[in-house]
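Per-entry structural report
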Amino acid sequence: MRSRSSVEVRRARPLLGTFVQISAGGKDAIALELAINAAFAAVAEVHRLMSFHDPESDVSRMNRDAFHKSVRVHPWTSRVLKGAYEFSRNSDGVFDITTARQLVNWNYLPRPDVRFSSRSWRDIILEEKCNVRFRQPLIVDLGGIAKGFAVDRAIETLKANGVMAGIVNAGGDVRVFGSTPQLIHVRHPAAPGRAAGMVRLRERAMATSGIYFTRKKDGVRYVSPLLDGHTGRSARELISVSVAATECMPADALTKIVFSLREKAAPLLERHRADALLLERDGAPSWIFHSPCDTHDQT
Amino acid sequence: MKSEFAFIALPISALIAPSAFAVQYLTVDQAQRAIFPRKSFTAAPVNLTSVQRKAIERASGVRVLRDEQQVWRVSGGGWFIVDEVVGKHEFITYAVGLNADGSVKQIEVMDYRETYGGEIRNEKWRAQFVGKTSKSPLKLDSDIKNISGATLSCRHVTDGVKRLLAFYEVALKR
């Protein structure tokens, strides 16, 4: 984001359960600050709608009532639910927002005051006009996809406010725009205070999933919040998966799928024109998938 | 045409170097202007009594580690507070702007530092890296501007804000 007489403004706020950093480059610092404030407001709105912890969020309202009656949600929540539904269908349930049940059982999420049982994404009915209904008593958590969506909304807001170049990073879900490529470091999967390496991104998003911070012992075995909805097993290895795509929401969701399916996720990555990078415990890449159809390389 | 997606591995030296990821976002002065543009500030630091400290801990459920709190009174109403939290891997200085009624106006991270100890001092663990670096090592960019990876929780800051809201009730509200 360097050019003659340009300034860069960089801010960070605690949102979405993590730290969200927004940088914007341009000529007028005041205008950039206003644009960044607006972008944070968009992220805060996603937080407000999709937080599992806030009893007034769309997610909590669905978890409370959607088994008994249709629940009308915000168009943004509806978009994320539709996105999640597509990823569940295309991954045969590896990606499944109803695994919230298991996250509650492992104390990654607080226990909501509702009855729920073992169900799947197939029991969620997305009705007309942003209405949602559950066929079975279940709970959902959008933690695996909402951060990416929030990053996309923040980028959209920066652009709408006339910003020419920017970076939004929500706890590791990154998207960049502007003419200059940006170097994004990738955390070492077993030593996250270090970068194992970096990737150059231009007009593109990248999300990374790893379990260094979240892995814990449940009895004798390790568990993590990175769950395969198809097998019900959680990731235990200190590896990391990064996925690059045009938008951050698909990148976010695809990391979870690649974590479980590894090379078998190639057709799905191809469909989303996404790239993938799998880092092993020693920080070395064991698999790099290049999206075959290139829509972003115009150097 | 294939995508230009490429991973550039960092050399071993980067892995063995002391581990830290730090960004300074705002000075006190900048944070004041970011949260309360065009206002003036009067320093009004508070030293908590042990009774106040206990009242804050009881109300917020969060421990108070320091009795001294950096506070500024904002012209036209409101408060500006600078606070620090320390987590397992992070040390964060942040500012909270409170409206005149004590509600949160804005939170801004001022300094963000991640620190990690231990893992690299373990020789056996460190040996895993030997011989596994990139064939085309790049000069380490010491200024890591953006890092993608496992998500670090902001729980300590969230707890800190909870504590500051109780601090407002106990020490600032009148």
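Given the structure is predicted, the values throughout are model-derived calculations rather than measurements.

Residues and elements named next belong to chain B. Sheet topology note: the strand β3 (residues 41-43)/strand β5 (residues 68-74) ladder contains 3 bridges and is antiparallel. The partner of F41 across the bridge, within β5, is V74. Alignment of strand β4 (residues 46-47) against β5, held across 2 bridges, turns out to be antiparallel. Counterpart to V46 in the pairing with β5 is Q69. Where β5 folds back onto strand β6 (residues 79-86) in an antiparallel hairpin, the turn is made up of 4 residues, including G76, whose phi is positive at roughly 85°.

Bringing the confidence of the model for chain B into the picture now. Low-pLDDT portions of the prediction should not be read for the details of their coordinates. Residue and element names in this part refer to chain B. Taken residue by residue, chain B gives an average pLDDT of 81. The fraction at 70 or more is 76%. No element of chain B has a lower mean pLDDT than helix α4 (residues 123-127), which averages 42, and none a higher one than β3, which averages 97. The low-confidence segment residues 118-142, where pLDDT is below 50, has 38 contacts with residues more than four positions distant or belonging to other chains. Interface confidence for the predicted complex, given as ipTM, is 0.86, next to a pTM of 0.89.

So, about the sheet that holds strand β5 (residues 131-134) of chain A. All names here are of chain A. The strand order β3-β5-β4 describes an open sheet built from 3 strands, whose pairing is antiparallel. The open sheet terminates on both sides in strands that have one partner only, identified here as β3 (71-72) and β4 (124-126). Pairing between β4 and β5: 3 bridges, direction antiparallel. Note on β5: the bridge partner recorded for I124 is F134.

Residue and element names in this part refer to chain A. Between helix α1 (residues 29-50) and helix α5 (residues 146-160), whose axes approach to 8 Å, the crossing angle comes to 150°. Looking at the two axes, α1 sits roughly antiparallel to α5. Our pair here, α1 against α5, has a crossing hand that is right-handed. Contact residues: A35, I36, A38, A39, A42, V43, V46 and M50 in α1; A146, F149, A150, R153, A154, T157 and L158 in α5. In terms of residue class, the contact of α1 with α5 is built from 13 nonpolar, 1 polar and 1 charged.

Tallying each qualifying case throughout the model produces 8 aromatic pairs over all chains. Seen from their ring centres, F41 of chain B and F80 of chain B are 5.9 Å apart, and the 70° between their planes marks the pair as edge-to-face. Placement of the pair is F41 of chain B in strand β3 and F80 of chain B in strand β6, with a sequence separation of 39 residues. Judged by relative accessible area, which is 0%, F80 of chain B ranks as buried. Here a set of aromatic residues connected by ring pairs shows up, and it is made of F36, F41, W72 and F80 of chain B. Sitting over the ring of F149 of chain A, R153 of chain A keeps its end group 4.5 Å from the ring centre.

All names here are of chain A. Reading across the sheet, the 8 strands line up as β1-β2-β6-β7-β10-β13-β14-β15 and stay open at both edges, with antiparallel pairing between neighbours. Both edges of this open sheet fall to β1 (7-15) and β15 (285-289), since each of them pairs with a single strand only. Ignoring strand direction, the axes of neighbouring strands in this sheet form an average angle of 10°. Pairing of strand β7 (residues 173-177) with strand β10 (residues 204-210), which is carried by 3 bridges, proceeds in the antiparallel orientation.

So, about the domain arrangement of chain A. Residue and element names in this part refer to chain A. For chain A, the assigned domains read domain 1 (58-134) and domain 2 (181-299). If you average the C-alpha positions of domain 1 and of domain 2, the two centres end up 24 Å apart. Facing the 17 residues of domain 1 at the interface are 24 residues of domain 2. Roughly 1600 Å² is buried in total at the junction of domain 1 and domain 2, and carbon and sulfur atoms are behind 72% of that figure.

Bringing the pattern of salt bridges into the picture now. Pairing between side chains of opposite charge can happen when their charged atoms approach one another. Summed over the entire model, instances satisfying the criterion amount to 19 salt bridges over all chains. Note that E280 of chain A is salt-bridged to R262 of chain A, the shortest N-O span being 3.3 Å. Residue E280 of chain A is located in the loop between β14 (275-279) and β15, and its partner R262 of chain A is located in the loop between α6 (248-261) and α7 (266-271); the two are separated by 18 residues in the primary sequence. With relative accessibility at 24%, the residue E280 of chain A sits in the partly exposed group. Between R33 of chain B and D29 of chain B there is a salt bridge, and its shortest N-O distance comes to 3.1 Å. On the criterion of helical spacing, the pair formed by R33 of chain B and D29 of chain B is a turn pair, its members being 4 residues apart in helix α2 (residues 28-35). Judged by relative accessible area, D29 of chain B falls into the partly exposed class, the value being 43%. Through salt bridges with shared partners, a single network forms among R155, D159 and K162 of chain B.

Cut-offs and rules
Numbering of residues starts from 1 in every chain and runs along the sequence as written. The order in which chains are written sets their letters, starting at A; the order in which ligands are written sets their numbers, starting at 1. With the structure being a predicted model, the display of local features is reserved for residues of pLDDT at least 70 and the display and counting of side-chain atom pairs for 80 or more, all residues being used for whole-chain, interface and lining totals. Side-chain descriptors were evaluated using all non-hydrogen atoms of the structure, hydrogens and water having been removed beforehand. One bridge is not enough; two strands pair if DSSP finds at least two bridges between them. Secondary structure elements follow DSSP: runs of H or I no shorter than four residues count as helices, runs of E no shorter than two count as strands, and numbering proceeds from the N terminus. Along the chain, pLDDT gives the predictor's confidence residue by residue, from 0 to 100. Contacts are residue-level and defined by heavy atoms, with any inter-residue pair within 4.5 Å sufficient. Here, axes are lines fitted to C-alpha atoms. For helices the fit covers the stretch in contact, and angles between N-to-C directions go from 0 to 180 degrees. Orientation labels follow simple angle bins: below 35 degrees gives roughly parallel, above 145 gives roughly antiparallel, 65 to 115 gives roughly perpendicular, and whatever is left gives oblique. Whether a crossing is left-handed or right-handed is set by the direction in which the near helix is turned from the far one by less than a right angle, anticlockwise for left-handed and clockwise for right-handed. Under the grouping applied here, Gly and all other residues not named as nonpolar or charged are polar, the nonpolar ones being Ala, Val, Leu, Ile, Met, Phe, Trp, Tyr, Cys and Pro and the charged ones Asp, Glu, Lys and Arg. Note on aromatic contacts: the rings of Phe and Tyr and the six-membered ring of Trp form a pair at centre separations within 6.5 Å, being stacked when their planes are under 30 degrees apart, edge-to-face when over 60 apart, and tilted otherwise. Relative accessibility decides the category of a residue: with a 1.4 Å probe and only protein chains considered, values under 20% of the type maximum give buried, values over 50% give exposed, and everything between is partly exposed. For a Lys NZ or an Arg CZ to count as sitting over a ring, it must be within 6 Å of the ring centre and within 35 degrees of the ring normal. Domains are outlined according to an automatic or database domain assignment. Throughout, buried area stands for the accessible area (probe radius 1.4 Å) lost by two parts on being put together, summed over both. We define a salt bridge as a side-chain nitrogen of Lys or Arg found within 4 Å of a carboxyl oxygen belonging to Asp or Glu.

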